[in-house]
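Observations on the model geometry
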Amino acid sequence: MKTEIIISGFGGQGVLSMGKILAYSGLMEDKEVTWMPAYGPEQRGGTANVTVIVSDERVSSPILSKYDVAIVLNQPSLDKFEPKVKPGGILIYDGFGVITPPTRKDIRIFRIDAMDKAAEMKNAKVFNMIVLGGLLKVCPVVSTDGLNKALYKSLPERHHSLIPLNMAAVEEGMKIITEQK
């Protein structure tokens, strides 16, 4: 199994962190992974993205032009990456950040209202973990156990007290993601 994922949104939405945690999760499960961020001026308000590949076999190249899964958190990201999802692939979008929903008929499209759920949980910082939970529901590329281990490995020790909140956000994301027909 090899899953090629692009995660894209505005800088500050936790895009790069989400990719890093996903990659660490793969490592915790003895998978081969790549994590290739694209940031710079985009990190503070512009569009940022990260490519993550999780595979049971060696990854030959981290450079991709088509993806199995695209997670898009804003309209510019949807416009850029919707055409790059492989036929039969998955596109996940946040209902708050996307004005014009995706239109392709040859892929599975899922909506997750992660921004609304983060507001309901009274913590905007769990937004990306809600989205990650949605991903793991529709494409279980790693387990929640691997994800939990990855949080302990990737977050500084001073933030370990927040891991239960982050895992609760993952569970909420799994509950609220819906396929669009």
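Details of the structure are given in the entry above.
Residues numbered from 1 in each chain as written. Predicted model: local features only at pLDDT ≥ 70, side-chain atom pairs only at ≥ 80, totals over all residues. Heavy atoms only, no water.

With respect to the packing of helix H4 (residues 127-138) against helix H6 (residues 163-176)
In contact at an axis separation of 6 Å, H4 and H6 are set at 50° when each is read in the N-to-C sense. As the angle between them shows, H4 and H6 are arranged oblique. Where H4 crosses over H6, the handedness of that crossing is right-handed. Contacts between H4 and H6 involve Met129, Ile130, Gly133, Gly134, Leu136 and Lys137 on the former and, on the latter, Asn166, Ala169, Val170, Gly173, Met174 and Ile176. Grouping the amino acids of the contact of H4 with H6 by side-chain chemistry returns seven nonpolar, four polar and one charged. (Axes fitted to C-alpha atoms, helices over the stretch in contact; angles between N-to-C directions. Helix = DSSP H or I, 4+ residues; strand = E, 2+ residues; numbered from the N terminus. Parallel < 35°, antiparallel > 145°, perpendicular 65-115°, else oblique. Left-handed = near helix turned anticlockwise from the far one by under 90°. Contact = heavy atoms within 4.5 Å. Nonpolar A, V, L, I, M, F, W, Y, C, P; charged D, E, K, R; others polar.)

Let's talk about the nonpolar core
Residues Leu22 and Ile92 are the most contacted members of the largest nonpolar core, which totals 40 residues. Among the elements that take part in this core, H4 stands out by supplying eight residues, more than any other. The contacts of Ile92, once residues within four sequence positions are left out, are Ala70, Ile71, Val72, Phe110, Ile112, Leu135, Val138 and Ile177. Judged by nonpolar contacts, the second largest core, of 15 residues, contains Tyr67, Val72, Tyr93 and Val98. (Core = buried A, V, L, I, M, F, W, Y, C linked by side-chain atoms within 4.5 Å. Buried < 20%, exposed > 50% of the residue type's maximum accessible area, 1.4 Å probe, protein only.)

Things to note about the layout of surface pockets
A water-sized probe rolled over the atoms picks out the places where empty space is left. Of the voids in this model, the largest pocket is the one considered here, and its volume is about 770 Å³. Around the largest pocket, the lining comprises 30 residues; the ones closest to its centre are Gly14, Ser17, Lys125, Asn128 and Leu155. The set of elements that each furnish at least two residues to the lining of the largest pocket consists of helix H1 (15-28), H4, helix H5 (144-154) and H6. For the lining of the largest pocket, the leading source of residues is H1, giving five residues. Among the residues making up the lining of the largest pocket, the classes are represented as 16 nonpolar, 11 polar and three charged. The volume enclosed by the second largest pocket comes to roughly 160 Å³. Considering the residues around the second largest pocket, the lining is formed by Tyr93, Pro101, Pro102, Thr103, Arg104, Lys105, Ile107, Arg108, Ile109, Glu179, Gln180 and Lys181. Looking at the lining of the second largest pocket, the elements with two or more residues in it are strand S6 (108-112) and strand S7 (178-180). Of the residues contributing to the lining of the second largest pocket, the split by class is five nonpolar, two polar and five charged. (1 Å grid on protein atoms, 1.4 Å probe; cavity = no way out; pocket = protein on both sides within 12 Å on 5 of 7 lines; lining within 4 Å. Points joined across faces, edges and corners; volume = space filled by probe spheres on them.)

Quick notes on the sheet that holds strand S1 (residues 2-10)
One open sheet accounts for seven strands, arranged S2-S3-S1-S4-S5-S6-S7; its pairing is mixed. In this open sheet, the two edge strands, each paired with only one partner strand, are strand S2 (32-38) and S7. On average, each strand axis in the sheet is tilted by 20° relative to the strand beside it, whichever way the strands run. Across seven bridges, the pairing between S2 and strand S3 (residues 47-55) is antiparallel. (Pairing = 2+ DSSP bridges.)

As for the environment of Ile130
Here Ile130 lies in helix H4. A relative accessible area of 0% places Ile130 in the buried class. Those residues in contact with Ile130 that lie beyond four places of it in its chain are Ile112, Ala114, Lys117, Ala118, Met121, Ala169, Gly173 and Ile176.

Details of the pattern of salt bridges
Side-chain pairs of opposite charge can arise whenever the charged atoms involved come near each other. One pass over the full model with this rule turns up 12 salt bridges. One salt bridge connects Glu120 with Lys117, and the closest N-O pair in it is separated by 2.8 Å. One end of the pair, Glu120, and the other, Lys117, are both in helix H3 (residues 114-120), three residues apart, so they sit about a helical turn from each other. Residue class for Lys117 comes out buried when judged on its relative accessible area of 12%. With a shortest N-O distance of 3.5 Å, Asp145 and Lys149 are connected by a salt bridge. (Salt bridge = Lys/Arg side-chain N within 4 Å of Asp/Glu carboxyl O.)

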